[in-house]
Structure formats: C-alpha cells, structure tokens
Amino acid sequence: MMIKYNGTDKVSVSKEDIEKALAIRAELKEDKEDYTGWVNWPSEIPEEWMSKMESVAEDVRKKCDRLIVIGIGGSYLGTAAIIDALGGSKPGYPEVLYAGNNMSGLYHAQFKEVIDNHDVCLCVVSKSGGTMESRLAFSILKDWMYEKYGREETAKRIVSITDPAKGILREETDKEGYADFEIPGNIGGRYSAFTPGIMFPLAVAGVDIRALVGGAKTISTDESFWSEGLKYALTRYALYEAGKTVEVFEYYDPSLRLIGEWCKQLFGESEGKDGKGIFPASLTLSTDLHSMGQFLQAGNQIFFETIINVLKRNADVKVPESAGPELAGRSLNDINAMAVKGVMAAHAKADIPMIRLDVEEINEEALGQLLYFFMMTAAVTGKLMGIDPFNQPGVEDYKQEIRNLLGQ
Ligand code: PA5
C-alpha cells in the first residue's frame, strides 16, 4: 500500500462508534443505497469503457494540442488535481485547460486567444447536463469554434460526458453525434474520480488511467485499508465531537494545491448539512506558514491538521555554495522534509491534533489510493454524524436565487 495512516492520540474513539463505523462499512459495501455506486466501482468498471476511453483519447490527441475541460465541482476538480499533482500533461500530449468552473467574463474571454493560436478540442462534463456555469462556457466556446472550424468539424472535436439517459446535454449529444461517455447514475459528482468524467481527460493528457483505477481497486478491496479509513473517519469524528470543527489539509509541494481543493469539495459538500460538519480548509506549506503559521501556532484552536506527507519525489535541487555553509550541498527535498518535522514539533507543543498520511511517492497508483481513501473517509464520517454524505440539498437555494435574478 502506498499510503500510511498515522493517527493522533489527542482523542480516543468509543467502542460504540467503532461498532457504528463497522456497520456503515458493511452497508456501503453492499451498495444498496442511492449514490453508493462508487464503493465497488474500481472493480466493476467495464473493460470496454477503459479501452473506449483510451481509443477516443488517442483520436483527440491527434486533433489538438489543447483540450478544454468544461465542468465544475466534481465534474473537473479530480482531473485538475491529478494532472497538477503529476506535474502536467505527459510531454507531447495536449495541455489541459479548464473552463466553466466560474462565470467570469474576463476568464472566459481569454479562451479566445487559446483557440486562435492552438488546435483545440472540448470535453464537456456535466452529470445533470444543466449546470449553469458549464452550459454558459460550452455555448461560448462552441460559438468560437464554429467560427474557427465550422459546425461539422466542431462536432467532431467535442466529447460529451453526462448522464446516460437524461438532461439537455444528453439530448444535444445524441442530436449532434458527439463522441460520448456516461457517468453512472449511482455515482455523484464528488465521488466520480474513477468515472469517465474525470478519467477521460486524464487519458488525453497521457495519464495512466489503468494504474490510477488499479490503485483505487487495491484499496477498495483491501480489508486492512478499509480499517485504516475507518480509523481516520472515527478520529475525525471524535475530534469534531471534541470541538475541533475545522480540518486543515496541508502539503509541502505546490503541485498538491488542487488535491487540497478537491478535498474541500469532497468533505465540504458531503458533511455540511443540518448544522453539522467539519469545515475543510487547505494550506500549501511552507508558503502559507508565512501567512497562516501564526494562526496555526497560537490562534483560535478550533482545528486539527491532516498532513499529506510525500516521502519521495522524482526531482530535486542541490543547494549551491552561495547559500552558506549550513545549507550548501544539501538536497532541497531533504530540507523540505525537515520543515515537515519542525512544523509538527512546534504544533505538538501547541497541543494541536495532527493526522499524518505518508504517501510513498506521487504517481497514478498512489493518487488512486489517496483519492479513494478520502472518499471512504468522507462517507463514513458523514454517516457517523448522522447526515447523508451523498446529497447536496443546500446548493439549491443559491442556485434558485441566481435563477430568479436572471428571470429564469
Ligand atoms: O459533487 C457534486 O455533486 C457537485 O459538485 C457537482 O459535481 C457539480 O455541481 C457539477 O454538477 P454537474 O456534473 O451536474 O454539472
């Protein structure tokens, strides 16, 4: 296993909660509830889906040097987080850009320049097919592409990933004959990391999607790993009950910043219900120690920390002589590892509960394990809190207010 969970002794877990967590695990594995399709999905994903993703990705690669992924929340964050963590697209593969994850005119105006200078394909991802941000960006980018390539060629440059049977994107896909993939009905956006919605654009970028799903499969079928996940979930729940209502995800490589964003979406949307939930925050260290270090050390102690600690990196820099005798000749990665230890020692003095997830190295297999590990944790903690971790009724209110203002 490429992930090792190290808990905290600042709280203890009750026998009763352990029993509850075991029952939750058994229920999840039975996959009888709404939106629990993700639990066994890494073992169930059909081989035809994998090979179709690979062959359509190959076609797309021949047509473009930029792939624009249009999607928001669970329909793009996993793609962006994995590509960034791996250091970008593989050399010679299309660069992946993102649209439709905001409604900024300024942001989307910039895509005109991208299209003018590059060969572009679009991958529109929307489970419902009706999300306002993705609909807007899709129509804007399609219009620009009609001008550049004409209608017929544009349709050949679009890959649509949506519900198999319903929604306006499904209707348009069938009418226009776009290449398409399904997001399984029983898997919600933030649990969709191993579905085509996330994996197809990864395949275009040259990511080894078989290794990614393989990582998730190993851990989803491994009892000992489920036990680690349950320990993490139980510890989070015990910390929450003890008044630690914020979890700060921390990592020491900027390339993991979007893993933090992905975690925020997963945990925030899964747990924030009925006045309950742990507020997820994320920090890139040591960068953010120079803004938030003071608060962590001596501020309002409402939080606990979860450190994603990468043990081995595939690139490094040797510190030159000019840095002075104490530092010269050292590896920058080793100094970064000292920072992890130093910060943890300082925070231990401040009595901050810390959970450390050691990740052997960042590659597709480890990312598959890590994302699945977080998904099982979010589901189990949410259920321990007594909420449904798979719905998001709270997001309807703001959406309706926006629709009212737009006269829809
Ligand atoms: O996790 C979720 O369910 C959400 O974040 C959705 O992924 C997001 O709202 C996008 O929805 P859709 O894929 O329907 O466009």
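Here the structure is a predicted model, which is why all the values come from computation and not from measurement. (Residues numbered from 1 in each chain as written. Predicted model: local features only at pLDDT ≥ 70, side-chain atom pairs only at ≥ 80, totals over all residues. Heavy atoms only, no water.)

Student: Explain a nonpolar patch on the surface to me, and be specific about the residues and the numbers.
Tutor: On the surface, a cluster of nonpolar side chains totalling about 190 Å² of accessible area is made up of Val13, Ile18 and Leu22. Relative to the elements of secondary structure, isoleucine 18 occurs in helix α1 (residues 15-30). The exposure class assigned to isoleucine 18 is partly exposed, which follows from its relative accessible area of 34%. (Patch = residues over 30% accessible without salt bridge, like charges linked within 9 Å, V, L, I, M, F, W, Y side chains within 5 Å. Areas by Shrake-Rupley, 256 points an atom, 1.4 Å probe, with all protein chains shown as cover. Salt bridge = Lys/Arg side-chain N within 4 Å of Asp/Glu carboxyl O. Helix = DSSP H or I, 4+ residues; strand = E, 2+ residues; numbered from the N terminus. Buried < 20%, exposed > 50% of the residue type's maximum accessible area, 1.4 Å probe, protein only.)

Student: Describe the sheet that holds strand β3 (residues 95-99), naming the residues involved and giving the relevant values.
Tutor: Read from one edge of the open sheet, five strands run β3-β2-β4-β5-β6, paired in parallel fashion. Of all strands in the sheet, those bounded by a partner on one side alone are β3 and β6 (179-182). Mean inter-strand twist for the sheet, computed between neighbouring axes without regard to direction, equals 20 degrees. Where strand β5 (residues 158-162) meets β6, four bridges bridge the pair, whose relative direction is parallel. Bridge pairing in β6 places threonine 162 opposite glutamate 182. The sheet strands contacting helix α8 (residues 168-176) are β4 (120-126), β5 and β6, and the helix crosses β5 at an angle near 140 degrees. (Pairing = 2+ DSSP bridges. Axes fitted to C-alpha atoms, helices over the stretch in contact; angles between N-to-C directions. Contact = heavy atoms within 4.5 Å.)

Student: Let's hear about the nonpolar core: which residues, and what values?
Tutor: In this structure, Trp38, Phe194, Phe200, Ile259, Tyr372 and Phe374 are the most contacted members of the largest nonpolar core, which totals 93 residues. When we break this core down by domain, the ones giving at least three residues each are domain 1 (3-30 + 222-387) and domain 2 (41-210). Ignoring any residue separated from it by four or fewer positions in sequence, one finds tyrosine 372 in contact with Trp38, Val39, Pro42, Phe194, Ala216, Ile219, Ser220 and Trp226. Core analysis: the next-biggest nonpolar cluster, separate from the first, contains 20 residues, Ile68, Ala99, Phe138 and Trp144 among them. (Core = buried A, V, L, I, M, F, W, Y, C linked by side-chain atoms within 4.5 Å. Domains from an automatic or database assignment.)

Student: Which residues make up the domain arrangement of the protein, and what are the values?
Tutor: What the domain assignment lists for the protein is domain 1 (3-30 + 222-387) and domain 2 (41-210). Centre-to-centre, using C-alpha coordinates, domain 1 lies 30 Å away from domain 2. Listed per partner, the contact involves 21 residues of domain 1 and 17 residues of domain 2. Among the residues domain 1 hides against domain 2, the three largest losses belong to Leu258, Gln265 and Glu364. Together they make up 31% of the total. Counting every contact that joins domain 1 to domain 2 gives one salt bridge. For the salt bridge of glutamate 269 with arginine 190, the shortest nitrogen-to-oxygen distance reads 3.1 Å. On the surface where domain 1 and domain 2 come into contact, there are five residue pairs in polar contact (both at pLDDT 80 or more). Residue composition of the side of domain 1 that touches domain 2, grouped by class: 12 nonpolar, five polar and four charged. (Buried area = accessible area lost by both parts, 1.4 Å probe. Polar contact = N/O pair within 3.5 Å; in protein donor to acceptor, adjacent residues only side chain to side chain. Nonpolar A, V, L, I, M, F, W, Y, C, P; charged D, E, K, R; others polar.)

Student: How would you explain the site of the ligand if you had to name every residue and give the values?
Tutor: Around the ligand there are 13 residues in total, and Ser75, Ser126, Ser128, Thr131 and Gln265 lie nearest to it. Between an oxygen atom of the ligand and a side-chain N or O atom of serine 126, the distance comes to 2.6 Å. Backbone polar atom of arginine 190 to an oxygen atom of the ligand: 2.9 Å apart, as the coordinates give it. Isolated, the ligand exposes 390 Å² of accessible area, and the fraction of that covered by the protein chains is 87%. Partitioned by chemical class, the residues of the shell around the ligand number one nonpolar, nine polar and three charged. (Near = heavy atom within 4 Å.)

Student: Could you give me a rundown of α1, with the residues and numbers involved?
Tutor: Spanning 16 residues, α1 covers 23 Å between terminal C-alpha atoms, matching the ideal 22 Å at 1.5 Å per step. Among all positions of α1, only Asp17, Ala21, Ile24, Arg25 and Leu28 are buried. The arc that holds the buried residues of α1, viewed along the axis, is 100 degrees, so those residues lie on one side. Opposite its buried face, α1 presents the exposed residues Lys15, Glu16, Glu19 and Glu30, each directed more than 90 degrees away. Packed against the buried residues of α1 are α11 (223-241) and α15 (364-384). Positive backbone phi, at 55 degrees, marks aspartate 31, one or two positions downstream of α1. (Expected span 1.5 Å × (residues − 1). Arc of directions from axis to C-beta.)

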